[in-house]
Amino acid sequence: MPVEKVNNSSDLDTKVPSCLQLTSIGQLTLTSDPSHRCVKAEAFRDSITLINTFGWSTVTFNGIIDSPIVPRTSSKSFFYGEADKRRVQELRQWAANQSLCSDLNTSLSSVQPHMYFDFTCQLLAKAVMHSGCILLKVWDGTRCQLPLLQVAVPPDELEGECTLAKDKMNLTANVLVYDNHLEVARDLKPGAFLRFYNLRALLQKVPGQLPDQPEHLGFHLHGGTVYGRGLRSLPAETPDLLSLKSVLEKHVDLDEHEEVNDGTLLEIWYTPPESIGAEENAGPAYTVQTCEHNTQRITLAQVKRSTPPLSCHVRARVKKYLPQQLYQCLKLFCSKCKTMKDVPDDSAVANIFLESARDNQPCDEQWAATSSANSREPGRTISMHVSKDMVGKSSHMQLIFIEGMTLDEISVLSRDHKNLVPVRSENSKMTRMDLTAPFLFSGKKRYYGCKQCSRNTFENPVFTGVETWDEQAVAAVLGVQMMQYRFLIQFELDDVTDTIEALLWEDAERFFHISAVDASGCQDLQDRIQTIMDTIQPPESSLEERPWMDFCLSVYTVKDNDRNKVCYQITNTEIVKQ
């Protein structure tokens, strides 16, 4: 519930509401140390609003004089003593002499487009539009001055009374409830009295509307709890409801049993769920589609009803994405066996190098020129092998085989040498290291091979006839099926009509304008991807604060335990270059 925090030691007369999660915890007085405020101040409704940030916690007490001092807290550990109890008693006495409660409630007759307001009303009927949206048909007995958006629902799907008579008199507000508020909405029963907090009013067009016809006013309770946004059921005996009940009683003679036929249905605007949310057309999108598909944009609800295979255009916001730790989105993919795996972490790779370096004896190969040196660690010898055909050539043209080094040592050496291949000795013969480790170090980049598709060993490699030693040429000589770096991110997209989980991977490099292999060895490129993701889903933002994005979606099926599973992938889509 919205809680007002008032600091009686401040020189400001402004009351400072603080937004907490909606609960039924009675009247509260919130105390805090004025010298330490981990909050962000913003202006809202002609008042100063505090938005909690990292490090902020509260301890709250009932504000009723002489009631037990029982703390309620958002912190796992806290302390309060006798001095704090006396302070709470003083605040209770002080608050009793103040007018702290501002009335933000607005009647339907006073609502204007683009308002955020609190609304006390009675629930007439409800219907589930889809898994992510519930329609609540409510009224407060006053008539809206603007035409109201009407959402037609089949009578057998509507729980509650018929509202046609009230609809025609512009008395019924159709409120669409989303996300975290659905749980409360599902438990509501027709006839209950409700209070919406931070409800949004939007002007919307309806299908087939002519340009000279007025837009209709719709109401949305979006996800999140920003500025106290929420919904609660009010007990029928609540004193605040006396005036509302008095107004509602004036309409008891309305005929709610009016016959429903084609003629009466045509008198109201019909807006199917997939048309709701006209705000998506406002402003430019953060992405562009690069495909050549000549197709109209459709909603996510329509995408879900489509039959694969299909390519389509949608506009949506990112509700969430996985993995949240972006370094985990970098994967290794084998184009031959289609295996995808995580990039091994440094600790696992370092252990492989340590095991290989212990008691290592240099291998002896006729084709190689070898130089060895003892390390500072007893029993460990470091060897470097170069093909005799390459002796005398520039080190940048050589393929250097490294034996007995640790991961840290070969990483340092690779800064100055382009092609370093870690190897180990087995029965005095050179062999590759376990392919869990990179088979090639090239500057800051590391290249991995597929265990399943690579040859087990390499013997008598041929080094002649190769003009440029790149990762492909090295892999061919060593018999390694090289794995490709790929980005893999799962987005949950939302366009109000529905939500879809879509993968970004085949066209991910085009999406970010960044190569996955380049990002694997460059912190600046990794930071650039993080910046893009923070723009798509700003930290601590609500869904409506995030940018709209145009996507090209591919809809297809895959086999999953002998069953066809419908999947969605983002393709032919790029971030708009700033």
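The protein is annotated in an unreviewed UniProt entry as Protection of telomeres protein 1 isoform X10 from Danio rerio.

Draft legend 1. Geometry of the overall build of the protein. Looking only at helices and strands, one finds 12 helices and 31 strands in the protein. Counting all 578 residues of the protein, 46% fall into the buried class. Sequence-distant contacts in the protein: of pairs separated by 6 or more residues, those separated by 24 or more amount to 65%. Approximately 30,300 Å² of the protein is accessible, and the part contributed by carbon and sulfur atoms is 48%.

Draft legend 2. Structural context of the confidence of the model for the protein. Residues at a pLDDT of 70 or more form 78% of the protein, whose mean pLDDT is 79. Scored below 50 in pLDDT, residues 8–37 makes 70 contacts in the model with residues more than four places away or belonging to other chains.

Draft legend 3. Summary view of the pattern of salt bridges. What the rule picks out here adds up to 15 salt bridges. Here E161 makes a salt bridge to K166, at a shortest N to O gap of 3.1 Å. For E161, a relative accessible area of 32% gives the class partly exposed. Taking the shortest distance from any N to any O, the salt bridge between D550 and R315 comes out at 2.7 Å. You can see D550 sitting in strand 29 (residues 549–560) and its partner R315 sitting in strand 16 (residues 310–322), a full 235 residues away along the chain. Each of the two residues, D550 as well as R315, counts as buried. Taken together, the shared-partner salt bridges in this structure form one network comprising R297, R315 and D550.

Draft legend 4. Seen up close, the nonpolar core. Ranked by internal contacts, the top residues of the largest apolar core, which has 80 residues, are F401, F439, F487, F491, L493, F512 and I536. Here F512 is in contact with F487, I489, L504, I529, I532 and M533, once residues within four sequence places are set aside. The next biggest cluster of nonpolar side chains, apart from the first, holds 26 residues, and it includes L136, L148, A173 and A201.

Draft legend 5. Summary view of the pairing of strand 11 (residues 173–178). Along strand 11, 6 of the 6 residues are buried, which leaves the element largely enclosed by surrounding structure. What you see with strand 11 is no split at all: A173, V175 and V177 on one side and N174, L176 and Y178 on the other are buried throughout. Sheet analysis places strand 9 (residues 133–139) next to strand 11, joined by 6 bridges and oriented antiparallel. Bridge pairing links K137 to N174 in strand 11. Where strand 11 meets strand 13 (residues 216–221), 3 bridges bridge the pair, whose relative direction is parallel. By the bridge assignment for strand 13, V177 is matched with L221.

Draft legend 6. Structural context of the environment of V184. Tracing the chain through its elements places V184 in helix 3 (residues 182–187). On a C-alpha basis, the gap between V184 and L231 in space is 7.2 Å, while along the polypeptide they are 47 residues apart.

Draft legend 7. Highlighting the packing of aromatic side chains. The tally for this structure, following the rule as stated, stands at 9 aromatic pairs. Ring centres 6.1 Å apart and planes at 75° place the aromatic pair F353 and F441 in the edge-to-face group. A residue pair is termed long-range when its members are at least 10 positions apart, and F353 in helix 7 (residues 346–357) and F441 in strand 24 (residues 440–442) qualify at 88 residues. Given a relative accessible area of 1%, F441 falls into the buried group. Pairing F491 with F511 gives two aromatic rings, centres 6.2 Å apart and planes at 45°, and the pair type is tilted. Pair noted here: F491 is in strand 27 (residues 489–494) and F511 is in helix 10 (residues 508–512), with a separation of 20 residues, a long-range link. Residue class for F491 comes out buried when judged on its relative accessible area of 1%. The buried category is assigned to F511, whose relative accessible area is 0%. Ring pairs connect the aromatic residues Y321, F487, F491, F511 and F512, which therefore count as one cluster.

Definitions and limits used
- Residues numbered from 1 in each chain as written.
- Predicted model: local features only at pLDDT ≥ 70, side-chain atom pairs only at ≥ 80, totals over all residues.
- Heavy atoms only, no water.
- Helix = DSSP H or I, 4+ residues; strand = E, 2+ residues; numbered from the N terminus.
- Buried < 20%, exposed > 50% of the residue type's maximum accessible area, 1.4 Å probe, protein only.
- Contact = heavy atoms within 4.5 Å.
- Areas by Shrake-Rupley, 256 points an atom, 1.4 Å probe, with all protein chains shown as cover.
- pLDDT = per-residue confidence, 0-100.
- Salt bridge = Lys/Arg side-chain N within 4 Å of Asp/Glu carboxyl O.
- Core = buried A, V, L, I, M, F, W, Y, C linked by side-chain atoms within 4.5 Å.
- Pairing = 2+ DSSP bridges.
- Phe/Tyr/Trp six-rings, centres within 6.5 Å; stacked < 30°, edge-to-face > 60°.

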